[in-house]
Amino acid sequence: QVQLVESGGGSVQPGDSLRLSCATSGRTFSRTGMGWFRQAPGKEREFVSAISGSGANTKYADSVKGRFTISRENAKNTVYLQMNSLKPEDTAVYYCAATTSVFLTLLENNYAYWGQGTQVTVSS
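A quick note: this is a predicted structure, and the numbers were derived from the prediction, not measured.

## Digging into the overall build of the protein chain
Here is step 1 of the chain: Looking only at helices and strands, the protein chain features zero helices and eleven strands.
Here is step 2 of the chain: Along the chain direction, N to C, the helices and strands of the protein chain fall in the order β-β-β-β-β-β-β-β-β-β-β.
Here is step 3 of the chain: Here the C-alpha atoms of the protein chain give a radius of gyration of 13 Å, agreeing with the 14 Å that 2.2 N^0.38 yields for 124 residues.
Here is step 4 of the chain: With the principal axes as the frame, the protein chain shows a C-alpha extent of 40 × 25 × 25 Å.
Here is step 5 of the chain: Considering only contacts in the protein chain between residues 6 or more positions apart, those separated by 24 or more positions represent 59%.
Here is step 6 of the chain: Accessible surface, the protein chain as shown: approximately 6300 Å² in total, 45% of it carbon and sulfur.
Here is step 7 of the chain: Once the 12 positive and 9 negative side-chain charges of the protein chain are each reduced to a mean point, those two points are 7 Å apart.

Encoded structure:
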């Protein structure tokens, strides 16, 4: 059974930074594509970023491109989401997810495993 545990969320002001972490267990991490999604109140969950198993390939939603960076440390079975220049519209519950493939994917249905989510609130 694959387990994902997110951490690093919190309440910050516009322009601040946060780094989310997602620790995993139960699957060969280096062969697992990982992703971050978010869900704002009253909205559907949306794709934020994804990274391939090796870390060589990444993708970002247009809304976060240039501000967020996804990375991974395969030796620590952990994926990160560095979020800079945060905006109020980034407020959401952020979810870490794992595929059953080494490749990255933007499609929510391709993710088999999900964390419990961590709240990020950006407000002045």
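## Remarks on the sheet that holds strand β8 (residues 78-83)
Here is step 1 of the chain: One open sheet accounts for four strands, arranged β1-β3-β8-β7; its pairing is antiparallel. Of all the strands in the sheet, the pair left with one neighbour each is β1 (3-7) and β7 (68-73). Between one strand axis and the next, the sheet turns through 15 degrees on average, direction left out of account.
Here is step 2 of the chain: Summarising the sheet, strand β3 (residues 18-25) and β8 pair through six bridges and their orientation is antiparallel. Within β8, the position partnered with Leu20 by the bridge is Leu81.

## Things to note about unusual backbone geometry
Here is step 1 of the chain: Notably, Asn77 is not glycine yet its phi reads approximately 55 degrees, a positive angle.
Here is step 2 of the chain: Among the structural elements, Asn77 can be located in the loop between β7 and β8.
Here is step 3 of the chain: Phi is positive for Ser85, close to 50 degrees, though the residue is something other than glycine.
Here is step 4 of the chain: Mapped onto the fold, Ser85 is located in the loop between β8 and β9 (92-99).
Here is step 5 of the chain: Accessibility expressed as a relative area gives 40% for Ser85, which makes it partly exposed.

## Concerning the state of the cysteines
Here is step 1 of the chain: Summed over the entire model, instances satisfying the criterion amount to one disulfide.
Here is step 2 of the chain: The residue that forms a disulfide with Cys22 is Cys96, at a sulfur-sulfur distance of 2.1 Å. Residues Cys22 and Cys96 share a disulfide whose torsion about the S-S bond is about -80 degrees; that sign makes it left-handed. Within this pair, whereas Cys22 is found in strand β3, its partner Cys96 is found in strand β9, the two being separated by 74 residues in sequence.

## A short note on the packing of aromatic side chains
Here is step 1 of the chain: Per the counting criterion, the structure on display carries four aromatic pairs.
Here is step 2 of the chain: Where Phe37 meets Phe47, the ring centres are 5.7 Å apart and the plane angle is 75 degrees; that geometry is what we call edge-to-face. On the criterion of sequence distance, the pair formed by Phe37 in strand β4 (residues 34-39) and Phe47 in strand β5 (residues 46-51) is long-range, its members being ten residues apart.
Here is step 3 of the chain: Look at Phe37 and you get buried, because its relative accessible area is 1%.
Here is step 4 of the chain: A relative accessible area of 13% places Phe47 in the buried class.
Here is step 5 of the chain: Ring centres of Phe37 and Tyr111 lie 5.1 Å apart, and the angle between their planes is 80 degrees; on these two criteria the pair is classed as edge-to-face.

Cut-offs applied
Residues numbered from 1 in each chain as written. Predicted model: local features only at pLDDT ≥ 70, side-chain atom pairs only at ≥ 80, totals over all residues. Heavy atoms only, no water. Helix = DSSP H or I, 4+ residues; strand = E, 2+ residues; numbered from the N terminus. Rg over C-alpha atoms; globule rule 2.2 N^0.38 Å. Contact = heavy atoms within 4.5 Å. Areas by Shrake-Rupley, 256 points an atom, 1.4 Å probe, with all protein chains shown as cover. Lys, Arg positive; Asp, Glu negative; His and termini not counted. Charge placed at Lys NZ, Arg CZ, Asp CG, Glu CD. Pairing = 2+ DSSP bridges. Axes fitted to C-alpha atoms, helices over the stretch in contact; angles between N-to-C directions. Buried < 20%, exposed > 50% of the residue type's maximum accessible area, 1.4 Å probe, protein only. Disulfide = S-S within 2.5 Å. Phe/Tyr/Trp six-rings, centres within 6.5 Å; stacked < 30°, edge-to-face > 60°.

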